[in-house]
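Listed here are the chains, written in short residue letters.
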Amino acid sequence: MAAAETLWKCWYKVRHLGDNGEKTLSDFSSTDSEKKKGLKKTDLKISSPLVPAASSKNAELGANVSVKELYEGPHSRRGQYHWVDYPPRQMSKSAAKAQDRVAIKVYKIKDREKPVISGRYSLRYHQVEIQNPQLVAAVAEILKKQDRHLDVRENAMFQYPFQDLYFGYDDMVAKHQDLVDNDPNNSLRPFLLLLIRLLDDIFADTRVKSSALRAENLTNYKLLWTLFPRDTTVISWGDNCELLLKVTETVYMEEPRTFIIKGKVLRFDGRAFLWEDYSVNIRPFAGHRPITELAAYPLEFHESPDEVRARLTARGRKVLDYQGLTYVNYHGVALHTDEKMVEKHNVEGRVLIDVIGYNKYHLAQGSREGADPQTKKKQLVVADVDEEEAAEAEDNLPDSDSVSSSTYGCPKPQTQTTTTATAKVVKRLTPAAQERNKQAMLALEAENPLLMFMLPTIEGYALKNKLWVVFYVEDVSSMNWNDEAYDHLVYNEQQKDLVLSFVESHCSTRQKRPQVVEDVIAGKGEGLVILLSGPPGTGKTLMAEAVADRTRRPLFYLHAEDLGINAAVLGANIKKIFEMATDWDAVILLDEADVFMAERHPQDIARNELVSIFLRELEYFRGTIFLTTNLFSTIDSAFRSRVSLHLLFNALTNEARMLIWRKFLDRLPAQEKGRSALPEGPRGAAEGATEDAATGAETGDDALTDEDIKELAAWQLNGREIKTAVKMARIWCDHKQYALTLSRLENAIRVTSPHASKSTAQQDMSLYDE
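Residues numbered from 1 in each chain as written. Predicted model: local features only at pLDDT ≥ 70, side-chain atom pairs only at ≥ 80, totals over all residues. Heavy atoms only, no water.

K.L.:
Which residues make up the sheet that holds strand β10 (residues 241-253), and what values do they have?
P.N.:
Hydrogen bonds between backbone groups are what pair the strands of a sheet, and the pairing can be parallel or antiparallel. What the six strands build is an open sheet, ordered β14-β9-β10-β11-β12-β17; its pairing is antiparallel. This sheet does not close on itself; its edge strands, each paired only once, are β14 (296-298) and β17 (379-382). Pairs of neighbouring strands in the sheet enclose a mean axial angle of 35°, with direction left out of account. Where helix α13 (residues 431-447) meets the sheet, it contacts β11 (258-268), β12 (272-282) and β17, and its direction lies at approximately 140° from that of β17. (Pairing = 2+ DSSP bridges. Helix = DSSP H or I, 4+ residues; strand = E, 2+ residues; numbered from the N terminus. Axes fitted to C-alpha atoms, helices over the stretch in contact; angles between N-to-C directions. Contact = heavy atoms within 4.5 Å.)

As structure tokens, this is what we get:
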């Protein structure tokens, strides 16, 4: 090789004797502008080089009007080039013309996956180049179905393993047969037949091996691509949930060695249903493997494909009902994504499905997101928010006292502002827009099933976990409002009704936007601040929970640590939480808010800063907030002036405790309150016995009487302690199959509240007198 290279170099130098490898202006074709001016090559010759001024450090640097050509030398490597002044040996013009005349070029390389015998390699196809313009045009038309677009003015290049040609083979055969039947003299016919014959040779081994393995429901890593033509429905188990995707292409990656199935799934982005890219990776494996054991495989190999389609279509239909702000129950695992890390959280209880809020608060996206042409191209249906329609929907909202239990199941139209003042306002879809989206999707579904490709997840907020997460649609259930909580609340009936009316009125006022008395400063003092003060267990928390459920609004339950007790983070946290609560029309319950309401002192600068920040944000809060405290006397005077309502919860009277005992006991099943047979055996006594052998407790035969309730009310307990005593006594009696009697309830009191005394005297409540 070295000798041949030296010979070629010497030959080139001798043939181009006097040629120093430089090109002047006369060596280049005239440009259009020079031709218009009538200039010729002879006019462009320069008799002497342009010499720069003598003051230059190097008078000859760049002095010649010429171009020097250098070529990649024989010792070059990738990224490290050895430059020489002679070109590599080129093909002769006659040989080049001969190659240009052929319709198809085929390139072969050594097949290093096969053994080398006597120093000789087997060869395999590496590249196919189609040169015939007619054939390129015919193949380009066929490959459009695979979303492969060819330029008919250029040669068509295909690389191993030639997926496009493999999956387009049947269409090529059909086109050739059509030419034979209808236009046998067409000049394309022999060229197309030539390509078909070539493909028969290229894919001979592939077809035989693939067919044999598929018959046994097997595959190998090298032939994986044959299972996934474009638009194949593939089943996968992504993020712990079954899903279907539609294949767009497959790729073998070298580093790391991986087979990638690229596809698309449907999802809702808060405004439109659109196709989203989704990929599944399959790591290399040795030998053969059952197709159904792959991380993803064609749905046709599933044992019950029709059942899968029906189940996932039903799940996709469910997503159509969650286009707006939806208050629901959730029981399962949810995913929280933070800086490319995915965390799993167990979520139990009430949550808010809110895709717009997720995009805004968690992803910091505004109205410009999704407006690019590529995203719009992927959208199936999109319902624009009509300004007049949105305003009319808000004006026609029902009053709070007539809101049904499905209010948050069919979300009320709400408007949210973006995170920046310059961005457009981002609006949730109105019910009418949601319905248009839904009907458009159902119409598309009737033509071509697509709801089964819907992502199994949807974004929202977990109120208990206080996190923006992704929920699994299958674990979402409808909301069950608790109207009993309001009735269970032991408080002055007129004052209960007053609080309920204020909250309902404030909700209605903000939605219908009537002319109300406003502060001198716009946006200031529009919130409803309700202070609940009193000793523990008197019903403060229950008041907020009961009112929220009765008014059909989410309850945003917060503690001081949720806001932060550091001045550096408190301002940002509380601003974001207040904005979220206002968006949701939620009721905030800030339990034990003493740390933010304590009276300020000159010596405690850190505490003063917290109080000042909270005061400032509370002043501009437009929603409803309940603040609870056990220490009303320590509240800063500035807070007292900002409170809309102040409810005082005194220690329970004897009559109040009787009522609470009755309410909790009435909630027990009838058999637990009445007589029950004692179990036979060493831990039970004979029927009719007056004393339990194991506990010494009196059993009795009758249910709890009014006198028993009076005895229980004599214990100095608060509501929470009464609830705990009933709960523990019930568990005890259920486990032992005992009757729930006065004696056993009092024993439960002694072990759950050992500090409690039995007396009719009332606790001194002077601390809470106003």
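K.L.:
For the side chain of Gln323, give the residues involved together with the corresponding values.
P.N.:
By secondary structure assignment, the location of Gln323 is in the loop between α9 (305-319) and β15 (326-338). A distance of 2.9 Å separates a polar atom in the side chain of Gln323 from the backbone oxygen of Leu320. At 3.1 Å, the side chain of Gln323 and the side chain of Asn437 are in polar contact. (Polar contact = N/O pair within 3.5 Å; in protein donor to acceptor, adjacent residues only side chain to side chain.)

K.L.:
With reference to specific residues and values, describe the side chain of Ser76.
P.N.:
Examined against the element boundaries, Ser76 turns out to sit in the loop between β3 (71-72) and β4 (83-84). At 3.1 Å, the side chain of Ser76 and the backbone oxygen of Gly73 are in polar contact. Not counting residues within four places of it along the chain, the set of residues in contact with Ser76 comprises Tyr81 and His82.

K.L.:
Let's hear about the packing of helix α22 (residues 654-666) against helix α24 (residues 706-713): which residues, and what values?
P.N.:
Relative orientation of the contacting elements α22 and α24 amounts to 120°, with a least axis distance of 8 Å. If you check the angle between α22 and α24, you find them oblique. Of the two elements, α22 crosses α24, and the hand of that crossing is right-handed. Listed contacts from α24 to Asn654, Arg657, Met658, Trp661, Arg662 and Leu665 of α22 are Asp706, Ile709, Lys710, Leu712 and Ala713. (Parallel < 35°, antiparallel > 145°, perpendicular 65-115°, else oblique. Left-handed = near helix turned anticlockwise from the far one by under 90°.)

K.L.:
Hey, could you go over a nonpolar patch on the surface for me, with residue numbers and the actual values?
P.N.:
Together, Leu70, Tyr81 and Trp83 line one region of the surface with nonpolar side chains, adding up to about 360 Å² of accessible area. If you trace the backbone, Leu70 turns up in the loop between β2 (67-68) and β3. Judged by relative accessible area, which is 48%, Leu70 ranks as partly exposed. (Patch = residues over 30% accessible without salt bridge, like charges linked within 9 Å, V, L, I, M, F, W, Y side chains within 5 Å. Areas by Shrake-Rupley, 256 points an atom, 1.4 Å probe, with all protein chains shown as cover. Salt bridge = Lys/Arg side-chain N within 4 Å of Asp/Glu carboxyl O. Buried < 20%, exposed > 50% of the residue type's maximum accessible area, 1.4 Å probe, protein only.)

K.L.:
Which residues make up helix α16 (residues 540-550), and what values go with them?
P.N.:
Taken across its 11 residues, α16 has eight buried, putting it largely inside the fold. Taken as a whole, α16 has its buried residues at Lys540, Thr541, Met543, Ala544, Ala546, Val547, Ala548 and Asp549. Where α16 terminates, the next one or two residues include Arg552, which has phi positive at roughly 60°.

K.L.:
Can you explain the packing of aromatic side chains? Please cite residues and give values.
P.N.:
Tallied over the full model, the rule gives 23 aromatic pairs. Between Tyr221 and Tyr252, the aromatic rings sit 5.5 Å apart at their centres with planes inclined by 80°, giving edge-to-face as the arrangement. Taken together, the residues Tyr221 in the loop between β8 (218-220) and β9 (233-238) and Tyr252 in strand β10 connect sequence positions 31 residues apart. Here Tyr252 falls in the partly exposed class, since its relative accessible area comes to 24%. (Phe/Tyr/Trp six-rings, centres within 6.5 Å; stacked < 30°, edge-to-face > 60°.)

K.L.:
So, the pairing of β12: which residues are in play, and what are the values?
P.N.:
Across 10 bridges, β11 lies against β12 in antiparallel orientation. In the strand pairing of β12, Leu266 is matched with Trp275. Counting the residues between successive antiparallel strands, the hairpin from β11 to β12 contains three residues, one of them, Gly270, with a positive phi of roughly 105°. Bridge count for β12 against β17 is three bridges, and the pairing is antiparallel. Paired with Ala272 across the bridge in β17 is Val382.

K.L.:
Please set out the sheet that holds strand β27 (residues 645-648) residue by residue, giving values where relevant.
P.N.:
Overall, parallel pairing links the five strands, which are arranged β24-β25-β26-β23-β27 in an open sheet. In the strand order of this sheet, the two ends are held by β24 (555-558) and β27, each with one partner. In this sheet, adjacent strand axes meet at a mean angle of 20° when their direction is disregarded. Examined bridge by bridge, β24 and strand β25 (residues 587-590) share four bridges and lie parallel to one another. In the sheet register, Tyr557 faces β25, and the bridge partner there is Leu589. Across the sheet, helix α18 (residues 567-584) is in contact with β24, β25 and β26 (624-629); its angle to β24 comes to roughly 160°.

K.L.:
Break down the pattern of salt bridges for me, citing the residues and quoting the values.
P.N.:
Counted under the stated rule, the structure contains 30 salt bridges. The salt bridge involving Asp306 is made with Arg309; its shortest N-O contact spans 3.1 Å. Separated by three residues within a single helix, Asp306 and Arg309 lie in helix α9, roughly one turn from each other. Lys360 is the partner of Glu579 in a salt bridge, and the nearest nitrogen-oxygen pair spans 2.9 Å. Taken as a pair, Glu579 in helix α18 and Lys360 in helix α10 (residues 355-362) lie far apart in primary sequence, 219 residues in all.

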